Amino acid sequence: MDRIIRCITSDGALMASAIDSSDTVYTAQRLHGLSATASAALGRLLTAASVMGAMQKQEHATLTLRINGGGPIGTVTAISDSHGNVRGCVDNPNVDVPLKPNGKLDVSAAVGTDGRLGVIRSYGTGEPYMGQVELVSGEIAEDITNYYAVSEQIPTVCALGVLVDPNTNGVLLAGGLLIQVLPGALPQDIEKLEANIATLEPVTTMLAKGMTVEQMADTALTGFEVEKLEEIPVHYACTCSREKYYNALATLEPDEIDTLPAVDGKVEAVCPYCCRKYYFTKEELHELAEIVREKRKNVSK
């Protein structure tokens, strides 16, 4: 199973999270039939959402990351719970763009740069917190870094990676690092971190070498004494259910419920996050429409 570790430097200067999200991203590719580039784009956003979601302290909090940069992939969405478990989807899972001149997948060309990164934090009570920033690159890691700098005024380093087999287009490895400068940091702490980041290998290179998430964090924080705070197992997890879709249908107008298109007497609902299908008979939906009509009639009295 994938996992996140969170750690802090002993001087309280830096907080860091490291994640191996390989199984999570592989699962997303399998569920959605993602192309190589779509796997890299959604995989990076899922990885970031997992780390950011696990940083929330409230038990029932959720975090949603949504990017639309005007590119051919359309909107990319990732949702995490407070334990770092994630789900996500893209508008165009089959997006295909040319490789970069260096042979790397061109996530920026698929995502686009003319748009925004939106971050929604919901704590289960009250109105959710919503923030958004203009995209700076469409590569996702840089956009997460920019979000923290602009919207939350927290100096942050974000590195994300997804390695795809060039022969099969299957996801091999995925992971990330998120390092934040804390209020107690001194100028020399920041200089030391910047020097480390300048020579840091890509996340997938480190994972391909067999490095653990602990070793990734230690490498990024070379020269600091590091204390591991927690380790969190994470995975791809959808929260959909037949009951949730039934309740969603109940928000429609009664006539809309009655006229939903059916095949063989059944209406199909497909979850955008795990592609699970739920079926409702026309009889069930007619009963639901009558229930909704009666409720609305009573409310209007």
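Placed above this text is the structure.
All residue numbers refer to position in the chain's written sequence, counted from 1. The predicted origin of the model limits local features to residues at a pLDDT of at least 70 and limits the giving and counting of side-chain atom pairs to 80 or more, whereas totals for whole chains, interfaces and linings rest on all residues. For side-chain calculations, the full set of non-hydrogen atoms in the structure is used, while hydrogens and water are omitted.

**Examining the nonpolar core**
Applicable threshold: Grouping buried Ala, Val, Leu, Ile, Met, Phe, Trp, Tyr and Cys residues that are joined through side-chain atoms within 4.5 Å yields what is termed a nonpolar core. Exposure classes here rest on a 1.4 Å probe applied to the protein chains alone. A residue is buried below 20% of its type maximum, exposed above 50%, and partly exposed in between. Helix and strand labels come from DSSP, where a helix needs a run of H or I of at least four residues and a strand needs a run of E of at least two; each type is numbered from the N terminus. We call two residues contacting when some pair of their heavy atoms lies within 4.5 Å.
Met52, Leu65, Ile73, Leu117 and Ile144 are the most contacted members of the largest nonpolar core, which totals 66 residues. With 12 residues, the single largest contributor to this core is helix H2 (residues 36–54). Leu117 has contacts with Arg66, Ile67, Gly131, Gln132, Val133, Leu135, Asp143, Ile144 and Tyr147, leaving out every residue within four places of it along the chain. Judged by nonpolar contacts, the second largest core, of 23 residues, contains Ile5, Leu14, Ala185 and Met211.

**Thoughts on the sheet that holds strand S4 (residues 76–81)**
Put simply, the rule is: Strand pairing is defined by DSSP finding a minimum of two bridges between the two strands. In this description, a line fitted to the C-alpha atoms serves as the axis of each element, helices being fitted only across the stretch in contact, and the angle between N-to-C directions of two axes falls anywhere from 0 to 180 degrees.
As summarised here, the arrangement of the five strands in space is S5-S4-S3-S6-S7, forming an open sheet in which the pairing is antiparallel. Unpaired on one side and paired on the other, strand S5 (86–90) and strand S7 (129–134) mark the two borders of the sheet. With direction set aside, neighbouring strand axes in the sheet form an average angle of 10°. The sheet contact formed by strand S6 (residues 116–122) and S7 spans six bridges and is antiparallel. Directly across from Leu117, in S7, lies its bridge partner Val133. Its contacts with the sheet place H2 against strand S3 (62–68), S4, S5 and S6, and it is angled at close to 25° to S4.

**Some points on the packing of helix H1 (residues 22–32) against H2**
How we decide: Roughly parallel means an angle under 35 degrees; roughly antiparallel means over 145; roughly perpendicular covers 65 to 115; every other angle is labelled oblique. Here a crossing is called left-handed whenever its near helix is offset anticlockwise from the far helix by less than a right angle, and right-handed whenever the offset is clockwise. When residue character is reported, Ala, Val, Leu, Ile, Met, Phe, Trp, Tyr, Cys and Pro are called nonpolar, Asp, Glu, Lys and Arg charged, and the others, Gly included, polar.
Where H1 meets H2, the closest approach of the two axes is 9 Å, and the angle between their N-to-C directions is 135°. Taken together, the axes of H1 and H2 lie oblique to each other. As H1 packs across H2, the resulting crossing turns out to be right-handed. From H1, Val25, Ala28, Gln29 and His32 reach across to H2, where they touch Ser39, Leu42, Gly43, Leu46 and Thr47. Per-class residue counts for the contact of H1 with H2 are four nonpolar, five polar and no charged.

**Concerning the sheet that holds strand S8 (residues 156–164)**
Spatially, five strands are ordered S8-S9-S2-S1-S10 in an open sheet, and the strand pairing comes out antiparallel. For this open sheet the edge positions go to S8 and strand S10 (226–234), each flanked by a neighbour on one side alone. Across the sheet, the axes of successive neighbouring strands diverge by a mean angle of 10°, strand direction being ignored. Pairing of strand S1 (residues 2–9) with strand S2 (residues 14–20) involves six bridges; the strand directions are antiparallel. Counted as the bridge partner of Cys7 is Ala16 from S2. Packing of helix H4 (residues 141–151) onto the sheet brings it into contact with S8 and strand S9 (171–181), and relative to S8 it is tilted by some 160°. Strand contacts of helix H5 (residues 187–199): S2, S8 and S9, with the helix running at about 165° to S9, the strand carrying the most contacts.

**Points about the environment of Gln58**
Turning to its location among the elements, Gln58 is positioned in the loop between H2 and S3. Relative accessible area serves as the criterion here: at 38%, Gln58 is assigned to the partly exposed category. Sequence-wise, Gln58 and Tyr273 are 215 residues apart; in three dimensions their C-alpha atoms are separated by 23 Å. Look past the residues within four positions of Gln58 in its chain and what remains in contact with it is Ser82 and Tyr123.

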